[in-house]
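Residues per chain, in single letters:
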Number of protein chains: 2
Amino acid sequence: MTQIINNKQDMVDQSLDGVAFIHKHRLERVAKTGIIKRRDLQSVRGKVALISGGGSGHEPAHFGYVGAGMLSASVSGPVFVPPSSAEIYQAIQLMKEASEVLLIIKNFEADVREFLLAEKKAKQDGFLIDHVIVDDDCSVEEGSLKKRRRGVAGTVFVHKILGAAAAEGKSLSELKEMGEEVIANMNTLGVALHSGKITGETKELFQLSEGQISFGIGIHGEAGYRVEPFYSSEYLANELVNKLAAQSDDIKAHDLAIMINGLGSTTAMEQFIFANDVQRLLQLEGIQVAFRKAGNFMTSTNMAGISLSFLILKDTSWLTYLEAGTDSFAW
Amino acid sequence: MTQIINNKQDMVDQSLDGVAFIHKHRLERVAKTGIIKRRDLQSVRGKVALISGGGSGHEPAHFGYVGAGMLSASVSGPVFVPPSSAEIYQAIQLMKEASEVLLIIKNFEADVREFLLAEKKAKQDGFLIDHVIVDDDCSVEEGSLKKRRRGVAGTVFVHKILGAAAAEGKSLSELKEMGEEVIANMNTLGVALHSGKITGETKELFQLSEGQISFGIGIHGEAGYRVEPFYSSEYLANELVNKLAAQSDDIKAHDLAIMINGLGSTTAMEQFIFANDVQRLLQLEGIQVAFRKAGNFMTSTNMAGISLSFLILKDTSWLTYLEAGTDSFAW
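Calculation rules
Residues numbered from 1 in each chain as written. Chains lettered and ligands numbered in written order. Predicted model: local features only at pLDDT ≥ 70, side-chain atom pairs only at ≥ 80, totals over all residues. Heavy atoms only, no water. Least-squares fit on C-alpha atoms with pLDDT ≥ 70 in both. Contact = heavy atoms within 4.5 Å. Buried area = accessible area lost by both parts, 1.4 Å probe. Salt bridge = Lys/Arg side-chain N within 4 Å of Asp/Glu carboxyl O. Polar contact = N/O pair within 3.5 Å; in protein donor to acceptor, adjacent residues only side chain to side chain. Helix = DSSP H or I, 4+ residues; strand = E, 2+ residues; numbered from the N terminus. Nonpolar A, V, L, I, M, F, W, Y, C, P; charged D, E, K, R; others polar. Pairing = 2+ DSSP bridges. Axes fitted to C-alpha atoms, helices over the stretch in contact; angles between N-to-C directions.

- If you check an unreviewed UniProt entry, chain A appears there as DhaKLM operon coactivator DhaQ from Vagococcus acidifermentans.

Written as structure tokens, this is what we have:
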């Protein structure tokens, strides 16, 4: 299907200029880079600055989470390709007024490599810098059943919790520790009803017959581990809630934060129908939900599908940080 | 394409329960109705309460605009069918603590009929109540070239400006007058690259060949007035900016507020690319933009397409009201 672009090679560049135009009161783009930063970076003075990023195609991730109480900057690469270590390093260098810098990295080999190279270089310059690696995807590899542990929609919960904690003045080591605890208590599972395709291309990323659903898809067009017929939203919610609840043996001992994430072309009506089914199942299971989000937070271009994230709120401060204010436009 | 629903007849009902679940800290649903209302309705005491609504299929409109500084309640009907006058009347009755009530109606015959019937009944009960009718669509009828003047995405600007003015304590007559001035200075034009279809149905709402674009589509699957090949985002922006600018002879004398609205399955990347093209054209034309929004504000189920709205800011207070805070989740 035709999409509203000019040409494939300029689309990321042009869309970042569009972001800077629409949100010009709060955000600005560093020209000719994938960096979107807060206009008021001086407010990070003496605090920890948070930087995240990754390939494009996941909009509004990550620039939609740049703002007071979340990220100080995001770095976007080409579609499904992480930004270079040089650009990540350039973003870090903008944080000279911050006391320390924390990188939030999605667990994909190329992303981890580029971010850690940039971190190493910044350390040599004297930056106090560290990172957390988000690996909330609890889907498994077809065959080996090994957990894939990619970084997916739960990354946005990490942006929010650590962003609010950083704004409150927490130190780099406190944030790293908190981030790792949050990540250890978070799981996400995604499904696709249609793979979608990279904007500007015509080939579907993977094949899925009409009426079939793929469990455990990634956010870069990776096929899932199991295909089965789609029965209903309720059936789907049942599968996902059961699988996510099974990741932890003490899920009923704590409140839960959940995120229902549209993967691109899933309508808001579908997201809310699914949310309602999730609600009923959690109620039946006696699982308490203290925090809820539904929307398009971490997409996979125009994939039709949804992901569900569970974060077990083991520390009550996490809920406070989730509920804290932010002016980032996509939260 | 399969969608995440349970069955067609329950989908609106179930999605409204989903909305109430996800946003339970601020919103609640009046059981078995299409009414979503603020939990803290007591804060409207002594002020004008704003109510809007219409058929479903336009999510997040209108429940996404219920909150402090915007609507007090929204009323959703079946997909593309307005709520009954009885349900609108029921929503009005919840506003007993408000001093007065203003209905914001999209200009479709059936919507106007149901809302005005409810208004009449409420007046008989002694309510101080009035309405504005939003007709921002400046597309024309094929053949007659008569302007259709339907109410489309600009309705959200009316929610925001009047909502903020009502929260500030403006009276019903002041709000009606301001609303009519805002509406008189607002135009919207939409295009589709793919008609989409009603959730739960398989038939496309209208036929559009691959690579074709339909100008002047409605938000209920109404075909546009002209089909032509899609060339580029820039070409499209040029068409829309020119047509919208031509609606007014003093557009350069004032600041402009613009809204880029995704119609359902248009990705955020496309919206921002289009935003960038709009920015460049407005700059060339010497038109000043003081306020910008891009996102899915008023959809047409899963239509692929976009609308552009221009509001000429003839009164500087309108900008203040657009920029005022709100906790409605879709603004």
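From this point on, the discussion continues.
Things to note about the relation of the copies chain A and chain B
Here's step 1: Aligned on chain B, chain A shows an RMSD of 0.0 Å; the corresponding rotation is 180° and the shift along the axis is 0.0 Å. Interpreted geometrically, this transformation is the action of a two-fold axis. Scanning chain A for the C-alpha nearest the rotation axis identifies S265 of chain A, at a separation of 2.3 Å.
Here's step 2: By residue overlap, the copies meet face to face through one surface: 100% of the interface positions of chain A are interface positions in chain B.

So, the interface of chain A and chain B
By a widely used convention, the size of an interface equals the accessible area lost when the partners come together.
Here's step 1: In this complex, chain A contributes 57 residues to the contact, which on the side of chain B involves 57 residues.
Here's step 2: The junction of chain A with chain B conceals about 4,800 Å² of combined surface from both sides, 69% of it contributed by carbon and sulfur atoms.
Here's step 3: In terms of surface lost to chain B, no three residues of chain A exceed I4, F21 and M269 of chain A, which account for 18% of the buried area on that side.
Here's step 4: For the pair chain A and chain B, the number of links is zero salt bridges.
Here's step 5: Run the count over chain A and chain B and you get 20 residue pairs in polar contact (both at pLDDT 80 or more).
Here's step 6: Secondary-structure elements contributing two or more residues to the side of chain A that touches chain B are α1 (11-22), β7 (186-194), α6 (233-245), β10 (256-262), α7 (268-285), β11 (289-295) and β12 (304-312) of chain A.
Here's step 7: Here the side of chain A that touches chain B gets 10 residues from one element, more than from any other, and that element is α7 of chain A.
Here's step 8: When its residues are assigned to classes, the side of chain A that touches chain B shows 26 nonpolar, 22 polar and nine charged.

Topic: the pairing of strand β8 (residues 212-215) of chain B
Here's step 1: Where strand β7 (residues 186-194) of chain B meets β8 of chain B, two bridges bridge the pair, whose relative direction is antiparallel. Counted as the bridge partner of A192 of chain B is S214 of chain B from β8 of chain B.

Looking at the sheet that holds β8 of chain B
Residues and elements named next belong to chain B.
Here's step 1: Read across the open sheet, the six strands follow the order β9-β8-β7-β12-β10-β11; overall the sheet is mixed. Of all the strands in the sheet, just β9 (226-229) and β11 (289-295) have a single pairing partner and so form its edges. Averaged over all adjacent pairs, the angle separating strand axes in this sheet is 20°, with direction ignored.
Here's step 2: In this structure, strand β10 (residues 256-262) lies alongside β11, joined through six bridges in parallel fashion. Its bridge partner being in β11, L256 is matched across the sheet by V289.

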